[in-house]
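Working through the structure, step by step
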Amino acid sequence: MRIYGLQTEQVAEPLGLDRPQPRLTWKLAGERRGAAQSAYRITAALRPDDLDRPDRLIWDSGRRESDEGLLIAWGGPPLQSATRYHWRVEVWDESSDFGGTAQSWFETALLHRTDWAAVWIGRDPATLPPVDPPGADDIAGADLFPAPLYLRREFHVEDHLVRARLYATARGVYEARLNGARVGDRELAPGWTEYHTRLQYQTYEVTGQVHAGANELAAVVADGWWSGYVGFDPRRAAQHYGDAPAFLAQLVLDYADGTRQVVATDAAWTEGPGPIVGADLLMGQVVDARRDGSEQHRPVAVLDAEPGPLVAEPDHPIRVTAEVPAVAVGPRGDRRYIADFGQNLVGRVRLTLRGAPAGQRVTVRHAEMLADGELYTANLRRAAATDVYVAAGRPVEVFEPQFTTHGFRYAEIDGHPGDVVARVVHNDTPFTGRFECSDPLTNRLYDNIRWGQRGNFVAVPTDCPQRDERLGWLADAQIFAPTASRNADVAAFFARWLRDVVAGQDPGGAFRDVAPVITVHREAAPAWGDAGVVIPWHLWRTYGDRQALRDAFPAMRAWIAHIRRHNPGLLWRYRTGNNYGDWLQIDADTPRDLLATAYFARSTGIVADAAEVLGQPAVAAEHRALHAAIREAFIAAYVGADGRVEGATQTGYLLALGFGLVPGHLVPAAVKHLAADIEARDNRLTTGFVGVPLLGPVLTDHGRADLAYALLHQEEFPSWGYSIRHGATTIWERWDGWTEHGGFQAAAMNSFNHYSLGSVGDWLFGRVAGIDQAPDSVAYRKLLLRPTPGGRLTWARAEQDTARGTVACGWAITDDRITVTATVPPGSTATLTLPTADPSGVREDDRPVDTQPGVLRVEPSPTGLTVWLMSGRYTFTATTPHRETP
């Protein structure tokens with residue numbers, strides 16, 4: 001076997017970790033059928049070479065008989081601050097033979113308050129009043145936001161330095177520099193959290209950036225989420241967090257003789273002007289390159305504030321992850337151009353100017369769409385999305401704003417021609433899954449889903465990346481989380497954001513619609529607040545993160561108690577917040593109390609299951625009884641004797657069927673009513689945010705995969721295919737964002753990059769390609785592989801690097817034969833349902849399937865043949881299944 005994917009606290013080689021007992025993970029790969037881990041041993045040391053010396057180990061777990069390699073708690077001595085720990089894992093296979101070894105490391109951050117010598121520093125208005133550079137009055141938008149802090153401190157380094165670490169954070173967003181060179185590659189650090197309870201700091205390895213003699217540590221700090229524009233509130237965030245940016249940092253220098261030098265933010269720092277004269281996340285950035293920073297620096301103000309509440313950044317940071325060149329640049333009059341990048345994305349433009357005269361102003365505006373050949377910006381609302389650069393007159397100048405992001409496909413460049421490229425910015429969660437098939441439209445849909453995830457995972461899971469909103473709406477996140485975790489490893493990202501969800505809960509148990517809580521302070525609506533229950537359960541089921549579930553569990557119970565307290569009749573009709581219903585459903589009106597009560601039942605059932613996992617049987621029994629009572633109330637209120645669900649909408653049927661709220665004997669009738677509605681609309685959907693993720697799974701699980709495929713392939717309005725046919729490269733917020741008959745929808749709410757309606761991605765993996773897990777499985781231990789041929793597809797396949805290893809499943813039809821391939825990682829098992837018209841004719845290597853190694857059991861199924869598999873790779877062939885034409 002091969003060991004790979006070593007992580008500490010769900011991140012590979014984390015630099016700066018503040019968990020007192022971090023959890024270690026590894027994955028296994030191997031083609032041998034039946035391969036599995038039977039035992040492991042973990043050793044740890046302070047140097048990598050010491051892992052080979054038993055007398056130098058600081059922890060030796062000894063051989064432990066276990067098949068688990070997921071989130072194993074550190075069992076060594078108490079961790080010390082600012083220390084790198086190297087660890088190695090050895091495993092033994094299913095025959096108790098040695099299976100392999102691999103090693104990794106993690107480094108702790110500052111674990112104690114006393115480790116911090118730094119104090120917060122900021123601008124002293126008395127000693128450094130605003131100074132406008134020559135020509136600043138000509139810079140459009142310069143008065144919209146203040147200039148960032150330009151801070152610096154000189155220090156001396158002795159010989160024989162062996163290690164240097166910078167620990168830094170800001171109230172705002174910052175970029176640190178050492179001796180003129182940027183430190184690290186993080187963007188928009190420290191990110192956005194519920195600042196009232198947690199402010200993240202970052203750790204940087206900077207040994208190679210300092211040298212003996214004179215050095216300079218510097219930082220630029222802009223408003224960011226702390227004091228800039230956030231959300232659709234016309235006020236600056238100063239009304240929510242603070243009125244000005246500030247900086248906190250300390251550089252720790254360790255020498256060969258064991259001495260340590262600390263350079264921390266204090267009164268010795270100075271501030272001066274710099275080329276950035278304004279920067280805001282929503283509005284844009286203004287740079288006057290004629291300002292070279294050589295003007296006189298003056299003392300900073302030491303702020304009367306404790307360095308906290310500080311936590312080390314626990315997940316993957318925001319980075320530039322890709323560059324997208326313009327596919328076309330077209331002139332629009334004198335010195336004005338529009339660049340088309342061919343892809344709606346989130347980030348910024350990098351513009352290279354050649355020969356621009358000093359004082360030449362270049363303005364870059366951004367938009368997702370064009371209207372009559374010009375930028376369509378009405379849907380940006382108050383977000384200016386405009387960057388301005390005033391040239392210094394150098395032969396070559398590069399302009400790339402670093403304290404703003406925009407959502408755009410098109411950029412208008414006004415003032416001077418230049419080479420232009422788009423830079424993609426988002427949390428660098430590793431992409432671990434991929435789906436593809438024979439249909440170009442479906443592949444484009446899947447690519448749109450991935451691009452929507454990239455663009456909206458920026459610090460928090462946002463609702464849109466371009467207008468004056470960009471908030472962490474809870475329903476959008478919980479609806480899309482299953483698809484997001486198919487595409488990427490989002491375990492640490494969601495676990496970190498979940499802390500903000502819990503922190504936003506009010507004393508009565510109500511979650512809020514958004515997290516962090518800003519601009520929207522009301523109690524959460526049904527399906528929105530339920531994210532506080534759904535997401536921790538999803539993290540447990542998908543990644544085995546018991547700690548995230550345990551930490552959130554009191555808040556999960558409090559949410560159910562809040563709903564029950566105000567709805568003793570068990571129909572959720574009171575205290576429903578803004579009660580959005582099936583948001584942006586089209587040509588339908590799902591009863592809002594039906595939707596609310598369905599989610600009340602679902603969340604209560606999840607809390608019961610979570611209580612069982614956490615060893616609280618009494619709490620589980622209480623919530624199982626409550627769930628049964630809510631279900632009875634739902635059926636009595638909303639389900640007719642003929643299987644009709646009140647409102648007769650697609651989403652109403654999907655919720656009732658998908659959440660198990662229809663009596664068993666009425667399920668076939670309810671399915672027929674759902675199918676009849678879709679068919680009466682010529683295979684068109686009406687679902688909004690809440691209904692969309694249930695469409696494919698419910699139809700497929702109830703024998704109507706033909707209708708699910710018909711919706712997938714639909715190209716008339718409303719459908720995914722309609723937007724793609726009209727140029728969509730991301731998922732649109734609304735089905736009617738633009739139509740041939742109506743043009744653009746209301747600009748007040750019309751994003752063209754919004755992942756919620758892309759939640760169909762989970763079905764592409766789970767039913768079309770066939771990768772899923774059993775209801776009692778955790779982290780893909782027990783796989784359900786259920787490939788479902790259909791529609792106009794002739795083949796489909798998906799691969800997903802799960803918490804335990806790589807799972808793959810796919811199928812291809814040639815003439816009258818179907819070939820199904822499957823990969824099961826070591827330690828997992830799989831139940832594979834082979835779709836075939838002739839179960840007795842299933843073969844592998846021209847031999848009957850039940851004679852093959854790794855095959856545990858074979859049984860006929862309603863759709864073909866069910867095969868129980870051990871780990872390994874498999875390729876089966878069979879007669880093509882019968883296919884119905886919708």
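In this report, the structure presented in the accompanying data block is examined. (Residues numbered from 1 in each chain as written. Predicted model: local features only at pLDDT ≥ 70, side-chain atom pairs only at ≥ 80, totals over all residues. Heavy atoms only, no water.)

1. Brief notes about the overall build of the chain
Across its full length, the chain holds 14 helices and 50 strands. Out of the 886 residues belonging to the chain, those deemed buried represent 63%. Restricting the contact set of the chain to residue pairs at least 6 apart, pairs at least 24 apart contribute 74%. For the chain, the exposed surface amounts to about 31,600 Å²; the carbon and sulfur share of it is 50%. In the chain, which carries 88 positive and 109 negative side-chain charges, the distance between the mean positions of the two groups comes to 2 Å. (Helix = DSSP H or I, 4+ residues; strand = E, 2+ residues; numbered from the N terminus. Buried < 20%, exposed > 50% of the residue type's maximum accessible area, 1.4 Å probe, protein only. Contact = heavy atoms within 4.5 Å. Areas by Shrake-Rupley, 256 points an atom, 1.4 Å probe, with all protein chains shown as cover. Lys, Arg positive; Asp, Glu negative; His and termini not counted. Charge placed at Lys NZ, Arg CZ, Asp CG, Glu CD.)

2. Things to note about the state of the cysteines
This model, assessed by the stated rule, comprises zero disulfides. With no disulfide of its own, Cys 809 has Cys 437 as its nearest cysteine by sulfur position, at a separation of 14 Å. (Disulfide = S-S within 2.5 Å.)

3. Side note on the pairing of strand E13 (residues 173-178)
In terms of burial, E13 is largely enclosed, as five of its six residues are buried. Two successive antiparallel strands, E13 and strand E14 (residues 181-182), enclose a turn made up of two residues, where Asn 179 displays a positive phi of approximately 55 degrees. (Pairing = 2+ DSSP bridges.)

4. As for the side chain of Glu 469
Looking at where Glu 469 falls in the secondary structure, it is placed in the loop between strand E37 (460-461) and helix H3 (474-487). Polar side-chain contacts of Glu 469 include one of 2.9 Å to the side chain of Arg 381. At 2.8 Å, the side chain of Glu 469 forms a polar contact with the side chain of Arg 467. The contacts of Glu 469, once residues within four sequence positions are left out, are Gly 231, Phe 232, Arg 381, Asp 463 and Cys 464. (Polar contact = N/O pair within 3.5 Å; in protein donor to acceptor, adjacent residues only side chain to side chain.)

5. Details of the side chain of Glu 271
Among the secondary structure elements, Glu 271 is positioned in strand E19 (residues 270-271). At 2.8 Å, the side chain of Glu 271 forms a polar contact with the side chain of Arg 123.

6. Let's talk about the nonpolar core
Membership of the largest hydrophobic core comes to 211 residues, with the highest contact counts inside it found for Trp 192, Trp 225, Phe 435 and Phe 494. Top element by residues in this core is helix H7 (residues 592-613). It accounts for eleven residues. Within the second largest apolar cluster, 28 residues are counted, among which are Ala 168, Ala 170, Leu 178 and Ala 189. (Core = buried A, V, L, I, M, F, W, Y, C linked by side-chain atoms within 4.5 Å.)

7. What about the pairing of strand E18 (residues 260-264)?
For strand E17 (residues 246-255) and E18, the ladder comprises five bridges, and the chain directions are antiparallel. The partner of Leu 251 across the bridge, within E18, is Val 263.

8. Points about unusual backbone geometry
Cis geometry marks the peptide bond from Ala 189 to Pro 190; its omega dihedral reads 10 degrees. Within the secondary structure layout, Pro 190 lies in the loop between E14 and strand E15 (199-205). Of note in the backbone geometry, Gln 10 takes a positive phi value of approximately 65 degrees without being a glycine. When you line up the elements, Gln 10 lands in the loop between strand E1 (2-8) and strand E2 (15-17). Gln 10 gets classed as buried once you look at its relative accessible area, which sits at 6%. You will see that Leu 584, though not glycine, has its phi angle at about 60 degrees, which is positive.

9. A word on helix H5 (residues 531-543)
The end-to-end C-alpha separation of H5 is 17 Å, in line with the 18 Å expected for 13 residues at 1.5 Å each. Phi turns positive one or two residues past the end of H5, at Gly 544, with a value near 70 degrees. (Expected span 1.5 Å × (residues − 1).)

10. Describing the packing of aromatic side chains
Tallying each qualifying case throughout the model produces 39 aromatic pairs. For the ring pair Tyr 580 and Trp 583, a centre distance of 5.4 Å and an interplane angle of 80 degrees mean the geometry is edge-to-face. Looking at Tyr 580, the relative accessible area reads 7%, which means it is buried. A ring pair is formed by Tyr 874 and Phe 876, whose centres lie 5.9 Å apart and whose planes are at 15 degrees; its orientation type is stacked. Just as Tyr 874 is buried, Phe 876 falls in that class too. (Phe/Tyr/Trp six-rings, centres within 6.5 Å; stacked < 30°, edge-to-face > 60°.)

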